[in-house]
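Here is how the chains run, residue by residue.
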Amino acid sequence: MASRRRLLVGLFVVLCAIAPAFAWLPEVTGTGTPATDRWNFGGFPVAWNLNPQTGSNIQGSRSVHDVIAASFATWLAAPNATINVSEGPITTVSSEAASPASVNLICFVCTDADFSKDNTTLAVTITTTTDSAGQNDGHGGTAAFAGELIKADIIFNPSVQFSTDPGGVGEDLQTVATHEIGHFLGLDHSAVVRAVMFPFASDLTTLSYDDVAGISALYPKGTPDYTSGSISGTVQFASGTPVFGAHVFAESTTTSEPLGPNIRKSPIGTLSKPDGSYTISGLPADSYNVTAEPLDGPVSSSDIDGFPSAYGRDTVDTNFTTKRY
Amino acid sequence: MKRLLALTILLLVGLASATTVKPMSIEDLTTAASTVIEGKATESWSAWNPQHTLIYTFTRVRISKTLKGNNDGTILLKQLGGSAGGYTQKVAGVHPLMTGDQAVLFLRPSEARDGTMVIVGLMQGNFHIEREAKSGSVVVNNGVNDVHQSTATGVTEYRGAKLTLKQLEARVRRAMNG
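Residues numbered from 1 in each chain as written. Chains lettered and ligands numbered in written order. Predicted model: local features only at pLDDT ≥ 70, side-chain atom pairs only at ≥ 80, totals over all residues.

Some details on the overall build of chain A
Secondary structure summary: chain A contains 4 helices and 18 strands in total. The burial tally for chain A puts 55% of its 325 residues in the buried class. A separation threshold of at least 6 residues defines the contact pool for chain A, and within that pool the share at least 24 residues apart is 74%. (Helix = DSSP H or I, 4+ residues; strand = E, 2+ residues; numbered from the N terminus. Buried ≥ 20, exposed ≤ 12 C-beta atoms within 10 Å, placed from the backbone. Contact = placed C-beta atoms within 7 Å.)

Topic: the overall build of chain B
Counting its regular elements, chain B contains 3 helices and 12 strands. With 178 residues in all, chain B has 44% of them scored as buried. At a minimum sequence separation of 6, the contacts of chain B that also span at least 24 residues come to 59%.

Examining the sheet that holds strand β6 (residues 58–59) of chain A
Strands belonging to one sheet form pairs held by backbone hydrogen bonds; the direction of such a pair is parallel or antiparallel. All names here are of chain A. Here 3 strands make up an open sheet; going across it, the order is β6-β11-β12 and the pairing parallel. At either end of the open sheet lies a strand with only one pairing partner, and these are β6 and β12 (171–172). Two elements, β6 and strand β11 (residues 162–163), share 2 bridges in a ladder whose sense is parallel. Opposite Ile58, over in β11, you have Phe162 as the bridge partner. (Pairing = 2+ DSSP bridges.)

Some remarks on the nonpolar core
Residues Ile215(A), Leu105(B) and Leu107(B) are the most contacted members of the largest nonpolar core, which totals 112 residues. Other than its neighbours up to four places away in sequence, Ile215(A) contacts Trp75(A), Ala78(A), Ala81(A), Leu185(A) and Leu187(A). (Core = buried A, V, L, I, M, F, W, Y, C linked by C-beta atoms within 7 Å.)

Details of the confidence of the model for chain B
All names here are of chain B. Averaged over all residues, the pLDDT of chain B equals 80, while 76% of them reach at least 70. Between residues 1–19, whose pLDDT stays under 50, and residues either more than four places distant or in other chains, the model counts 43 contacts. Low pLDDT (under 50) marks residues 146–161, which in the prediction has 32 contacts with non-local residues, meaning those over four places away or in another chain. Interface confidence for the predicted complex, given as ipTM, is 0.82, next to a pTM of 0.83. (pLDDT = per-residue confidence, 0-100.)

Considerations on the environment of Ala152(A)
Residue and element names in this part refer to chain A. Inspection of the secondary structure assignment puts Ala152 in strand β10 (residues 148–156). With 26 C-beta atoms counted inside 10 Å, the residue Ala152 sits in the buried group. C-alpha of Ala152 to C-alpha of Gly260: the two residues are 108 residues apart in sequence and 31 Å apart in space. Ignoring sequence-local partners within four residues, the contact set of Ala152 consists of Asn104, Thr125, Thr127 and Phe184.

Regarding the confidence of the model for chain A
Of the residues in chain A, 85% have a pLDDT of 70 or more, and the chain-wide mean is 84. In the predicted structure, residues 1–25 of chain A sits below a pLDDT of 50 and forms 65 contacts with residues beyond four places in sequence or in another chain.

Thoughts on the pairing of strand β3 (residues 74–80) of chain B
Consecutive residues of a regular strand have side chains that alternate between opposite faces of the sheet. Residues and elements named next belong to chain B. Relative to β3, strand β2 (residues 55–68) runs antiparallel, the two sharing 7 bridges. Residue pairing across strands places Thr57 opposite Gln79, the latter belonging to β3. A loop of 5 residues connects β2 with β3, the two strands running antiparallel in sequence, and Gly69 in this loop sits at a positive phi of about 95°.

Looking at unusual backbone geometry
For Asn80(A), which is not glycine, the phi torsion reads 65° and is therefore positive. Its place among the elements puts Asn80(A) in the loop between α1 (64–76) and β7 (85–87). A residue is classified by how many C-beta atoms lie within 10 Å of it, and Asn80(A), with 22 of them, is buried. The phi torsion at His52(B) lies on the positive side, around 60°, for a residue other than glycine. Relative to the assigned elements, His52(B) resides in the loop between β1 (35–48) and β2. Take His52(B): there are 13 C-beta atoms within 10 Å of it, and that puts it in the partly exposed class.

Describing the pairing of strand β16 (residues 277–284) of chain A
Residues and elements named next belong to chain A. Counting buried positions along β16 gives 7 out of 8 residues, so the element sits mostly inside the fold. Alignment of strand β13 (residues 228–237) against β16, held across 6 bridges, turns out to be antiparallel. Paired with Thr234 across the strands is Ser277, a residue of β16.

Examining the environment of Tyr226(A)
Residue and element names in this part refer to chain A. The topology assignment puts Tyr226 in the loop between α3 (209–218) and β13. Sequence spacing of Tyr226 and Pro258 is 32 residues, and the spatial spacing of their C-alpha atoms is 8.3 Å. With residues up to four places along the chain from it excluded, the contact list for Tyr226 reads Pro79, Asn80, Pro258, Leu259 and Pro284.

Thoughts on the environment of Met123(B)
With respect to the element layout, Met123(B) can be found in the loop between β7 (117–119) and β8 (126–131). Between the C-alpha atom of Met123(B) and that of Asn70(B), which follows or precedes it by 53 residues, the distance is 22 Å.

Notes on the packing of α1(A) against helix α2 (residues 173–184) of chain A
Residues and elements named next belong to chain A. The geometry of α1 relative to α2 is characterised by a closest axis approach of 9 Å and an angle of 45° between their N-to-C directions. In this view, α1 runs oblique relative to α2, as classed from their interaxial angle. Note that α1 runs across α2; the crossing there is right-handed. Only Leu173, Gln174, Ala177, Thr178 and Ile181 of α2 make contact with α1, whose side of the interface consists of Val64, Val67, Ile68, Ala70, Ser71, Phe72, Thr74 and Trp75. In terms of residue class, the contact of α1 with α2 is made up of 9 nonpolar, 4 polar and no charged. (Axes fitted to C-alpha atoms, helices over the stretch in contact; angles between N-to-C directions. Parallel < 35°, antiparallel > 145°, perpendicular 65-115°, else oblique. Left-handed = near helix turned anticlockwise from the far one by under 90°. Nonpolar A, V, L, I, M, F, W, Y, C, P; charged D, E, K, R; others polar.)

With respect to α1(A)
Residue and element names in this part refer to chain A. Relative to the 18 Å expected for 13 residues at 1.5 Å per residue, α1 spans 18 Å between its end C-alpha atoms, a close match to the ideal helical length. When α1 is considered as a whole, its buried residues turn out to be Val64, Val67, Ile68, Ser71, Phe72, Thr74 and Trp75. Across the axial projection of α1, the buried residues extend over an arc of 150°, all falling on one side. In this structure, the buried side of α1 is in contact with β5 (46–50), β6, β7, β8 (105–107), α2 and α3. (Expected span 1.5 Å × (residues − 1). Arc of directions from axis to C-beta.)

As structure tokens, this is what we get:
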């Protein structure tokens, strides 16, 4: 289209030891310089609390407890990440509005949320963060940083048929739970199709490279399981104007599986910041092609919760064509 | 985007197992909504519920056109999530309207029966209206790619394009008459 401007991508490839890096995947809080949402595992114990009560909409041979536990275990086993989340006491809380600060509720019978009347909404995760350090964390202390997660509830729609068995009738509960637990831990949706955090992922109960990159950026392990690197650069129009919110992803050009067979190989992506800069972190040693593409579907700006508004923008730039390097 | 799109289309065979939400067509949204309006957000604020457990964002929307229902004047929209008192609550994919936003909204009364309206399909019934700078077209987008037709067994056709406002209006009218 004549209206499209040519895109220039300046790539400064830096393969180095992993360093704290901002991936585009996390939820963010605040504006201007948004803070990454994450738990402070040194502040208070983080546990999930299951209300095991279910209706007839849950079918299958496994209990919901076993499915939820397996879904958390998937994330806790992510390489290069340290996630201190444990199973807490069973709860009888059966209303989202009655969920206290001390409970991270996993509920199958909460009917008070308006979304439960839509059987197209399978589940939601409601996260609570502090806007600044020093806020009461609801656990007897104060928040150490802005964006500190202090509560997360996962509400499964009681109007939706779920199966606890793979391939059973209804939605696969472990697929939905694994995705929602990603939100519980602070991850936003991903534009990488093969990621668990892709908003329309289908029957995915194992993590992808993109998921691992995101979670390990949030909760880096002191002694990494594998050596990773990052690719940084700038996306800009031919005029020199930076491209905000370009989906930039690195895709391996080899068939190697540096993270083993249990982590699905996928591109690893990020979004460019208002100045056009990006850093794709958590990359295993490999050869990569880098692509910058507009976030104009299937994942769009609206799927990336709060990203544009966190930077004081209404939307991301999409008036350019895909470029591959 | 084409390559990613192609991968997605392959996955759509199994979209009945989609995580979080299953896409609703405009026809589905029209059927599920008691009210479909076009309007502009004139006021927006967030507040904790009385139990101090949930933050809701309330938005007053001035109606410019009613496509379904008998509403006129203004409606008060309620969405889960927002910032209040030094805390922020989020539901991934849900975007509270901000003052000045223009949207086509597929709505029904809140279960709380408090006079507020909620968006059908979590965030799917919220089509942001914008004018494309280059073409001048007025387009709508709910962030969930348009599904032409969905059935109990899955999505039968996928189109990953924005709609113009006129196209959306026409499909709502056809769905109401059909």
